[in-house]
Structures are given as structure tokens and as C-alpha cells.
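Now for the letters of each chain:
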Amino acid sequence: MPLPSIPDYSTCIRTPALIHPLVLKDGHPIEKGSRLIKYSGGFCVVFPYQTPNKKYAVRLWHAEVSDAKRRTQLISDALKKANLPYFVGFEFYEDGIMTTQGMQPLVAMDWVDAQPLKKFLANHITESHVINEIAENFKKMVADLHANHFSHGDLQHGNIMVKPDKSLILVDYDSIYTPNLKGMPDEIKGLVGYQHEARWKNKKASEKADYFSELVIYTSLIALAKMPSLWEKLNMEDTETLLFSGEDIQSYGKSNIFRELKSDSELAHLTNKLCDFMSKSSIDELSPLEEAIASESKRISDKWKNGNGYTEISNEISSTISEKFKKPR
């Protein structure tokens, strides 16, 4: 049986008697004037929903995802156990909402008081220290995900929220990988401009799914902190990416943005690592952000140990040379 459409859900969610979870009792979807507020994606639609005690994001499936019910329950269990600060509380309800297509499940998520990353950047684009702080918070967040063997799976600006204290929250959990999902299909691939070319052919959900996106986002943040003019130059407010378009990724490092970033010594090492990632044939060959940054920095450090491109000589040779020049000729 086909799933209800977004208009079907929009009609049903207005009728309290059709909403079954007790946490949503006496609540209502939020409207602006006579218009129902909703946010739709490829598989789900989200309705802001106000109860007497709390505001929720109610997520409903309008397109099939393999084993969505079991997947959602497993994700919920894993995130509760990890108790990381980057995820909001959410509960899966099998008996969620009655529709013309029968009873449908829903997910009730805590509402986040935060701005989408891109909106936050637009408001702070000339404040380099603020963007650098977000970059550091992002780096810490993904390192914590790696420590738990998690990946978000659709890491992009629309799924990263910035709270007033500049801490980060992730939203949209349909694509998340947790260790108890090992072997499940990788169906939700993310946005063009954030994904490695090999991701489109990847078959199984993986904790490595974010590795390319992480480097794309981190490089974009560091570059914008140093070159805020890129925001207007690339018309970023009206794009569905950050610094790199899908065409840039498909150029394998040959497009103009790569040349521009490589001209700056501070940004060149990140850009070179991104190009190195693009040369790989599988996401299994990629490394997490903290390792990618460290390995590239170490490579440069090893090459330029004394700042002039020369390798430091041993103490024994140095001592011999010193003694030689102490003797009078």
C-alpha cells in the first residue's frame, strides 16, 4: 500500500483525535496565518507541533525507506545509549497518526532553538573569529561521532544547527549509521557538493560515510573565515552547497575554487587533502577529519622542519661541524 502524501498528512495532523502518542496530547501543528508550517525532504515531512508543555518536530514518512521502522528504533536506542550532546531527543511511535491509508508511524523529536548553519554564517560572515569557533566546534563534534563509530550520512549545512552558545546540533536522522545498523543498505546518499563520487555507488551503511563531507565542511568554514568575500563571490546564500558545488567535486580539484584556495598557504594543505580524497575510488579509503588534518599538517611539517625546506641535521654532525670551525686556520 502506498504511503500518504504530504497533503494527506497536512489534513490529518490538524485533527487531534487522529494523533495517538500521549506526548502529543492536546497539541496542534503550528500555523502561520492560515498556512500550515512544514518542512519536506526526500523521504519525510516535518511539522512543528506545540503541546501544552513542549514543542516538537513531528516527522512522517511520505516515501519508502527500507526497514524504516526497525532502523529508526535502532537509531533511537543507540543515540540514547551514547548520550551525545549533538542529537535531540526523539521517540518512534508505531501507532502515530491515522490517515486514509491507515495507521502510520511517526517520530516526535524535541524542537531545537537554533539556526541552520548557512543562516548563521550569513549573519556572521565578516566575523572571522566566530566562524573559526564554529569550525573548532565542528571538528570536536565529528571526532566524538567517530569515537562512537557513528556517521550522520547526510552531513550538510541544512542538517547542522547552531545554538545561541555556538554549540552544534544535528537534525534529520534517517541516514544515520550506528554500529547496530551494520549491514543495512545505504539508501539516503546526501547532497551533491558534499559527497564523494564513490558514495553514489556505495551499497552498505558505513561509519565512513561522513569522512568526505567533514573535510568539505571544515575546509569551507576555514576558508570563509579567512576569505569572507567568497560568500558574495560564489552567491552562497542562494546555493544548495557551501564552498564547493557538485561540478567542483566532479572536477577532481581542477575548478577555479581549488586554484583560489591553493594560492593561500594556510588553506593549501586542506585543499590538497580534499583533492587527495577525490582521487580515491572508495569511501573506505578515506580517513576521519582529525586524522586527515593531522596527517597533512605532519607531511608539511616534515618537509619544512626548519622553515627553509631543509631537513634538520643530526646532533653528531652538527657538533663535528661546530668543532671544525672553532679551530683557527
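That block above? That's the structure.
Residues numbered from 1 in each chain as written. Predicted model: local features only at pLDDT ≥ 70, side-chain atom pairs only at ≥ 80, totals over all residues. Heavy atoms only, no water.

## Things to note about the side chain of Ser 151
Line of reasoning, step 1. Here Ser 151 lies in the loop between α4 (128-147) and β10 (160-162).
Line of reasoning, step 2. There is a polar contact of 2.8 Å between the side chain of Ser 151 and the backbone oxygen of Ser 206.
Line of reasoning, step 3. Apart from the residues lying within four places of it in its own chain, the contact partners of Ser 151 are Ser 175, Ile 176, Tyr 177, Ser 206, Glu 207, Ala 209 and Asp 210. (Helix = DSSP H or I, 4+ residues; strand = E, 2+ residues; numbered from the N terminus. Polar contact = N/O pair within 3.5 Å; in protein donor to acceptor, adjacent residues only side chain to side chain. Contact = heavy atoms within 4.5 Å.)

## Quick look at the sheet that holds β10
Line of reasoning, step 1. Spatially, 3 strands are ordered β9-β10-β11 in an open sheet, and the strand pairing comes out antiparallel. Two strands close off the open sheet at either side, each with one partner strand: β9 (115-116) and β11 (168-170).
Line of reasoning, step 2. Strand contacts of α4: β10 and β11, with the helix running at about 45° to β11, the strand carrying the most contacts. (Pairing = 2+ DSSP bridges. Axes fitted to C-alpha atoms, helices over the stretch in contact; angles between N-to-C directions.)

## Remarks on α4
Line of reasoning, step 1. Over its 20 residues, α4 extends 29 Å from the first C-alpha to the last, a length consistent with the 28 Å expected when each residue adds 1.5 Å.
Line of reasoning, step 2. Residues Val 130, Ile 131, Ile 134, Ala 135, Phe 138, Met 141, Val 142, Leu 145 and His 146 constitute the buried set of α4. One face of α4 carries all of its buried residues, which in axial projection span an arc of 150°. Summarising the geometry of α4, the exposed residues directed more than 90 degrees from the buried face are His 129 and Ala 147.
Line of reasoning, step 3. Following α4 by one or two positions, His 149 has its phi on the positive side, about 60°. (Expected span 1.5 Å × (residues − 1). Buried < 20%, exposed > 50% of the residue type's maximum accessible area, 1.4 Å probe, protein only. Arc of directions from axis to C-beta.)

## Considerations on unusual backbone geometry
Line of reasoning, step 1. In the Ramachandran plot, Asp 26 falls in the positive-phi region, its phi being about 65° despite a non-glycine side chain.
Line of reasoning, step 2. One can find Asp 26 in the loop between α1 (6-12) and β1 (28-29).
Line of reasoning, step 3. Of note in the backbone geometry, His 149 takes a positive phi value of approximately 60° without being a glycine.
Line of reasoning, step 4. Among the structural elements, His 149 can be located in the loop between α4 and β10.

## A few points about the pairing of strand β8 (residues 102-110)
Line of reasoning, step 1. Judged from the 4 bridges that link them, strand β6 (residues 55-61) and β8 form a sheet pairing that is antiparallel. Residue pairing in the sheet places Tyr 56 in a bridge with Asp 110 of β8.
Line of reasoning, step 2. The pairing of strand β7 (residues 90-99) with β8 spans 7 bridges and is classified as antiparallel. Note on β8: the bridge partner recorded for Tyr 93 is Leu 106.
Line of reasoning, step 3. Counting the residues between successive antiparallel strands, the hairpin from β7 to β8 contains 2 residues.

None of this, on its own, says anything about what the molecule does.
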